[in-house]
Structure formats: C-alpha cells, structure tokens
Amino acid sequence: MSIDTTAPSQVAHVLTEALPYIRRFHGRTVVVKYGGNAMTDDDLKRSFARDVVLMKLVGINPVIVHGGGPQIGSVLSQIGKQTEFIQGMRVTDAETMDVVEMVLGGLVNKDIVNLINTHGGRAVGLSGKDGGLIRARRLTLTGTGPAEQAPEIIDIGHVGEVTGIDPALMTLLDGADFIPVIAPIGVDQAGTSYNINADLVAGHLARTLRAEKLILMTNTAGILDDDGQLLTGLDAERVQQLISDGTIQGGMLPKVDCALEAVNDGVEAATIIDGRVEHAVLLELLTDSGVGTLIHGGGRTA
C-alpha cells in the first residue's frame, strides 16, 4: 500500500520557510491593530487568536490594539442614541463616551482576551487608562468657514489624540509572558477619558516599544494600483508619489500616514494586511511572500 506523503511534505516546507523569520522576530515586539471583519467573523476570530498564541510560543512578543466602531454603533442604536460623524470622527459627548468605555474596555476587550486564552494564550485586557499607559488630549478639527474668516475650530467631544505612552506596564507584562490586549482609550492630566483611533494608538505603541513590525489589519488587500494589483515594498518617497497621483486616498490615507510615522521613527517595517484572509498575521510574519502592503524605512526592501 502506498503512503501519500504530500501533506507532511508541505507541512515540513512551511516550517522550514518559517524558521528564519522565527529567528529574526524572536524576542522582538510586533504590534498588531486588530479590526474589521477579523473581529466579527467567527472563523477569522479563531484564526487570529491561534496566530497570536503561536507568535508568543515561538518567542515573538505580540501587542494587540483593537477597534470596535461597529460594536459601539450597535449599542448606541439599541439605547436610542443618535450618532453623528464629522470628517470620519464620531462626535462623542459624555454619554457616548460612557458607552465607548463600556464597549471597548469591557465587552470587546474581554471577548478578545477570552478568545486568546481559550486557544492557549495568556492575554490580559487593558485600556490606556490602566497604569497611565496612554496619555491623551482633546482632538479638535479644523473646518472651512467663509474665506474672509479664520478656519472654524470644531469640537467633537471626547475624541482624543495621543500625547505619550508609558511603556512600563508593557515591559512588566512581557516579562511575565502575558499578551497585552489594549482598548484605545486615553486619559489626560485632569482624568478625562478620550476615545482614540486604534490605528494611531497602535502606531504610537510601536514607536515607543521600538517594535520590529507594525501590522494594521483592514478589510482590503492593501494598497492597489490602477490595475488592481497589490503594491508592496514601498518606501516613503514612493508612498508620497502614490498619494500625489491619487492612488492612495480616502480611508487608506490615515493608515498609510500611521505606517510612515512608525517606520520614520524607528519601527523596522509596517504592513497593511487583509484581515479577511485566514491566518493573515502568520502569513505576513512567517512566509517569504507575506501578504498586504509593506512599507519600510530607508534601505529596506522587504
């Protein structure tokens, strides 16, 4: 009787391909912004949890920052609270901020923690308020008024921007082999809480922790050219060209800005990946081809 060794051979090939990447990332920090379909589809949620657990087991230090916009919107709708957006930002009054803290810091955060722990990890849920992790200030937007007047300053409430990261808690958790799962809520010196864009928090964490890589999960394949082909291995100059010619626009712009700021401030590379692909994080980290659009600093091409 013949024995089919195709599957074992493929497994061996995958493990061999992964080995140099495991060696490269061993002991290094990788910050992952977790969001989109990967947070709502049950199969993708389990896939993500297994990826994170495997990363930790092979010596990589994952730090997870999650969003939760749709979940916040759902709860606000259930309580009859109208949501207004200005320039893509949710106007967040005190009542809405209470919901944001309950959903992000409670429901969503603990669901992710439980998912990772169920698959063998040791996750710890945090918000940026814990241990003074994320310091913030109120974010104001600039509107356009009549030409003869100064630009209008728009206050959107408890929406914040990062002013600083205290890495002490991250260092403590990493030393005890825990996996931090962070809700993007910050606090100012007066103790006021702010909802902050999760991409921005992930970028600031990656820079502060001197991460080897920043991974931003989205619901797109990455940056595509006019023919729909995936672009990768981009440096800052090429990214600016793509912004100027309109290839990068809309909702991709903030993610690209976040990635550029990270690689320009010490992070080795940032990748925008498709969270709709099972095991997208491992495919990006531990395979030759990777997935998504990689943006690197000077001198790096992969």
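Just so it is clear, the model here is predicted, and its values are computed rather than measured. (Residues numbered from 1 in each chain as written. Predicted model: local features only at pLDDT ≥ 70, side-chain atom pairs only at ≥ 80, totals over all residues. Heavy atoms only, no water.)

Of the regular secondary structure elements, the protein holds nine helices and 15 strands. In terms of C-alpha radius of gyration, the protein reaches 20 Å, essentially the compact-globule figure of 19 Å for 302 residues. For the protein, the proportion of its 302 residues judged to be buried stands at 47%. Within the protein, contacts between residues separated by at least 24 positions form 74% of all contacts whose residues are at least 6 apart in sequence. For the protein, the separation between the mean place of its 23 positive charges and that of its 37 negative charges on side chains is 6 Å. (Helix = DSSP H or I, 4+ residues; strand = E, 2+ residues; numbered from the N terminus. Rg over C-alpha atoms; globule rule 2.2 N^0.38 Å. Buried < 20%, exposed > 50% of the residue type's maximum accessible area, 1.4 Å probe, protein only. Contact = heavy atoms within 4.5 Å. Lys, Arg positive; Asp, Glu negative; His and termini not counted. Charge placed at Lys NZ, Arg CZ, Asp CG, Glu CD.)

Okay, the sheet that holds strand β1 (residues 29-34) next. Reading across from one edge, β5-β8-β2-β1-β11-β14-β15 is the order of the seven strands in this open sheet, with mixed pairing throughout. The sheet is open, and its two borders are formed by β5 (123-127) and β15 (293-296), each paired with just one other strand. Averaged over all adjacent pairs, the angle separating strand axes in this sheet is 20 degrees, with direction ignored. The sheet contact formed by β1 and strand β2 (residues 61-66) spans six bridges and is parallel. (Pairing = 2+ DSSP bridges. Axes fitted to C-alpha atoms, helices over the stretch in contact; angles between N-to-C directions.)

This part covers the UniProt feature "site: Transition state stabilizer" (unreviewed entry) in the protein. The residues that UniProt annotates with the feature "site: Transition state stabilizer" (unreviewed entry) are Lys 33 and Lys 255. A compact arrangement is adopted by the annotated residues: their sequence extent is 223 residues, whereas the largest C-alpha distance between any two is 10.5 Å. With sequence-adjacent residues up to four places away left out, Lys 33 is seen in contact with Val 65, Gly 67, Ala 198, Asp 199, Ala 202, Ile 215, Leu 216, Met 217 and Lys 255. Mapped onto the elements of the fold, Lys 255 is located in helix α8 (residues 252-263). If we ignore the near neighbours within four places in the chain, the residues touching Lys 255 are Lys 33, Asp 199, Leu 216, Met 217, Thr 218 and Ile 272. (UniProt positions renumbered as here; feature names shortened; annotations may be inferred.)

Time to look at the nonpolar core. Core analysis: the largest hydrophobic core is formed by 41 residues, its most contacted members being Ile 116, Met 217 and Val 281. Going through the elements one at a time, α1 (6-25), β1, α2 (42-57), α3 (69-78), α4 (94-118), β8 (179-183), β11 (213-218) and α9 (280-286) are the ones with two or more residues in this core. The dominant element in this core, judged by the number of residues it contributes, is α4, at 10 residues. Look past the residues within four positions of Val 281 in its chain and what remains in contact with it is Val 32, Phe 48, Asp 51, Met 55, Ile 215, Met 217 and Ile 273. (Core = buried A, V, L, I, M, F, W, Y, C linked by side-chain atoms within 4.5 Å.)

Summed over the entire model, instances satisfying the criterion amount to 16 salt bridges. Between Lys 81 and Asp 93 there is a salt bridge, with the nearest N and O atoms lying 2.7 Å from each other. On the criterion of sequence distance, the pair formed by Lys 81 in the loop between α3 and β3 (85-86) and Asp 93 in the loop between β4 (89-90) and α4 is long-range, its members being 12 residues apart. A salt bridge links Arg 207 to Asp 265; the shortest N-O distance between them is 3.3 Å. With Arg 207 in helix α6 (residues 198-208) and Asp 265 in the loop between α8 and β14 (269-274), this pair connects stretches of sequence that are 58 residues apart. (Salt bridge = Lys/Arg side-chain N within 4 Å of Asp/Glu carboxyl O.)

Once that is clear, we can look at the environment of Ile 156. Within the fold, Ile 156 resides in strand β7 (residues 152-165). As a C-alpha pair, Ile 156 and Asp 93 span 63 residues in sequence and 7.7 Å in three-dimensional space. In contact with Ile 156, other than residues within four places in its own chain, are Ile 86, Met 89, Arg 90, Val 91, Thr 92, Leu 139 and Leu 141.

Burial within β1 is extensive, with six of its six residues counted as buried. Side chains of β1 alternate between two faces, with Thr 29, Val 31 and Lys 33 and Val 30, Val 32 and Tyr 34 buried alike. Viewed along the sheet, the connection from β1 through α2 into β2 turns out right-handed. Where β1 and β11 come together, four bridges link them in parallel fashion. Looking at β11, one finds that Val 32 is bridged to Ile 215. (Right-handed = clockwise from strand over helix to strand, strands pointing away.)

What follows covers the environment of Gly 157. By secondary structure assignment, the location of Gly 157 is in strand β7. For Gly 157, a relative accessible area of 14% translates into the label buried. Residues Gly 157 and Tyr 194, spaced 37 residues apart in sequence, show a C-alpha to C-alpha distance of 8.5 Å. Beyond its immediate chain neighbours, meaning those up to four positions away, Gly 157 contacts Thr 92, Arg 138 and Tyr 194.

Now for α8. Every α-helix carries 3.6 residues per turn, so stepping three or four residues along brings you back to the same face. An ideal rise of 1.5 Å per residue puts 16 Å on 12 residues; α8 measures up with 17 Å between its terminal C-alpha atoms. For α8, the full list of buried residues reads Met 252, Lys 255, Val 256, Cys 258, Ala 259, Leu 260, Ala 262 and Val 263. (Expected span 1.5 Å × (residues − 1).)

The next thing to look at is the packing of α2 against α4. In contact at an axis separation of 8 Å, α2 and α4 are set at 65 degrees when each is read in the N-to-C sense. Between α2 and α4 lies a crossing of right-handed hand. Residues Lys 45, Arg 46, Ala 49, Val 52 and Val 53 of α2 touch α4, and the partners they reach there are Asp 111, Leu 115 and Ile 116. Here the residues of the contact of α2 with α4 sort into five nonpolar, no polar and three charged. (Left-handed = near helix turned anticlockwise from the far one by under 90°. Nonpolar A, V, L, I, M, F, W, Y, C, P; charged D, E, K, R; others polar.)

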